[in-house]
Amino acid sequence: MDLAKLNDRGLVLVGAGKMGGALLDGWLARGLDPASAHVIDPKPDPRWAARGVNVNADPPADPAVLVLAVKPQMMGDVLPTLAAWGQGRTLVVSVAAGTRIKTLESSFPAAPIVRAMPNTPAAIGQGITAVAGNARADAAAMDLAAALMGAVGQVVQLDDEAQIDAVTGLSGSGPAYVFHLIEALAEAGVAVGLPADTAMTLARATVAGAGALALSGDETPAKLREAVTSPAGTTAAGLAVLMDPDAGLRPLIARTVAAATDRARELAQ
Ligand SMILES: NC(=O)c1ccc[n+]([C@@H]2O[C@H](COP(=O)([O-])OP(=O)(O)OC[C@H]3O[C@@H](n4cnc5c(N)ncnc54)[C@H](OP(=O)(O)O)[C@@H]3O)[C@@H](O)[C@H]2O)c1
């Protein structure tokens, strides 16, 4: 999207921590005017002020978008302070895990509201965000939300807000699983004889390259895996361990995503 469209009325970001900060980095890199961006955060990173973003000072009364990126546990304290923005002209976008549209509606009864679940690769324009809107989020509001999140990666529209918990368990938390895969690959490389820095370089580039290849064409991940796997070769030996139906990656990842999804449901308020 042309983020310049937001530059007239402004964007207010409440909570510029890891996720809010990653989004703001992405938006600023893609044309959001720092002078139209307003951060509210008790301990803001000095880099926002250094880049010309308004920090904790005179946010507009009628911004185009209010983005909520505080921890779900903070929402109860934060929402009552923001009610003035819920008059209907401002699109409210919450990226919080757990916090339900119903809860947001009790603070912003007149507002179009979109729940969005992004992930941190948004900072480099390679995030993916799932979105679900309330009844007041008409086509124009959903378009604005999709454009906002689309500026920092792909966007998936959900039919049902309840699916956001599963999205949180998969792609919201997912970058952490992949970073841990890099750590595990590097440690395994050291265990089979590589220097630590070489192993980390190989692990990082292997995951990044495989990810880029998986996104680059129409081949399924299964086909791409098969293309690496020579009959009776090295990959087949490795995959025999990794694809063990009981002790391999599939049941482990299934438990991982289920645990994260369950936690999102527990955080529900
Ligand atoms: N991190 C992710 O990968 C990710 C992905 C998808 C969604 N999310 C969602 O994004 C939200 C933020 O998560 P996070 O990981 O970015 O956490 P975080 O790094 O702790 O960011 C939250 C920010 O909000 C600030 N804050 C606290 N009280 C505030 C208040 N009253 N008004 C304004 N700002 C306030 C915090 O400041 P202090 O640090 O000083 O308390 C912090 O800078 C959560 O709801 C989470 O579910 C995160």
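Up top is the structure these notes are about.
The structure presented is a predicted model; accordingly, all values stated were derived computationally and were not measured.

*Asks:* Would you mind showing me how to read the packing of helix α6 (residues 164-172) against helix α7 (residues 174-191) here?
*Replies:* Each packed pair of helices is defined by two parameters, the angle between the axes and the distance between the axes. For the pair α6 and α7, the least separation of the axes is 5 Å and the interaxial angle reads 25 degrees. Comparing the axis directions of α6 and α7 gives the class roughly parallel. Facing α6, whose interface residues are G169, L170, S171 and G172, α7 presents G174, P175 and Y177. Classifying every residue of the contact of α6 with α7 gives three nonpolar, four polar and no charged.

*Asks:* Help me understand the site of the ligand, please; the structure alone is not making it clear to me.
*Replies:* By nearness alone, 22 residues border the ligand, and K18, M19, D41, V70 and A97 come closest of all. Here A97 contributes a backbone N or O atom positioned 2.9 Å from an oxygen atom of the ligand. Coverage of the ligand by the protein amounts to 76% of the 870 Å² it exposes when considered alone. Of all the cavities here, the one that holds the ligand is the second largest pocket.

*Asks:* Teacher, can you tell me more about the sheet that holds strand β7 (residues 127-133) here?
*Replies:* Reading across the sheet, the eight strands line up as β3-β2-β1-β4-β5-β6-β7-β8 and stay open at both edges, with mixed pairing between neighbours. The sheet terminates laterally at β3 (54-55) and β8 (153-157), the two strands that pair on one side only. Bridge analysis of strand β1 (residues 11-14) against strand β4 (residues 65-68) gives four bridges, and the strand direction is parallel. Paired with L13 across the bridge in β4 is V67. Across the sheet, helix α5 (residues 139-150) touches β1, β4, β5 (91-94), β6 (113-117), β7 and β8, and the angle it forms with β8 is around 150 degrees.

*Asks:* Looking at this structure, I do not really get the pattern of salt bridges. What am I missing?
*Replies:* Close approach of charged atoms allows side chains with opposite charge to pair. Tallied over the full model, the rule gives 10 salt bridges. We note a salt bridge from D25 to R47, for which the minimum N-O separation is 2.7 Å. Remark: R47 occurs in helix α2 (residues 46-50) and D25 occurs in helix α1 (residues 18-29); sequence separation between them is 22 residues. Given the relative accessible area of 18%, D25 is considered buried. Between R100 and D165 there is a salt bridge, with the nearest N and O atoms lying 3.0 Å from each other. Linking R100 in the loop between β5 and α4 (101-107) with D165 in helix α6, this pair joins segments that are 65 residues apart in sequence.

About the cut-offs
- Residues numbered from 1 in each chain as written.
- Predicted model: local features only at pLDDT ≥ 70, side-chain atom pairs only at ≥ 80, totals over all residues.
- Heavy atoms only, no water.
- Axes fitted to C-alpha atoms, helices over the stretch in contact; angles between N-to-C directions.
- Helix = DSSP H or I, 4+ residues; strand = E, 2+ residues; numbered from the N terminus.
- Parallel < 35°, antiparallel > 145°, perpendicular 65-115°, else oblique.
- Contact = heavy atoms within 4.5 Å.
- Nonpolar A, V, L, I, M, F, W, Y, C, P; charged D, E, K, R; others polar.
- Near = heavy atom within 4 Å.
- Polar contact = N/O pair within 3.5 Å; in protein donor to acceptor, adjacent residues only side chain to side chain.
- Areas by Shrake-Rupley, 256 points an atom, 1.4 Å probe, with all protein chains shown as cover.
- 1 Å grid on protein atoms, 1.4 Å probe; cavity = no way out; pocket = protein on both sides within 12 Å on 5 of 7 lines; lining within 4 Å.
- Sits in = over half its atoms within 2 Å of the grid points.
- Pairing = 2+ DSSP bridges.
- Salt bridge = Lys/Arg side-chain N within 4 Å of Asp/Glu carboxyl O.
- Buried < 20%, exposed > 50% of the residue type's maximum accessible area, 1.4 Å probe, protein only.

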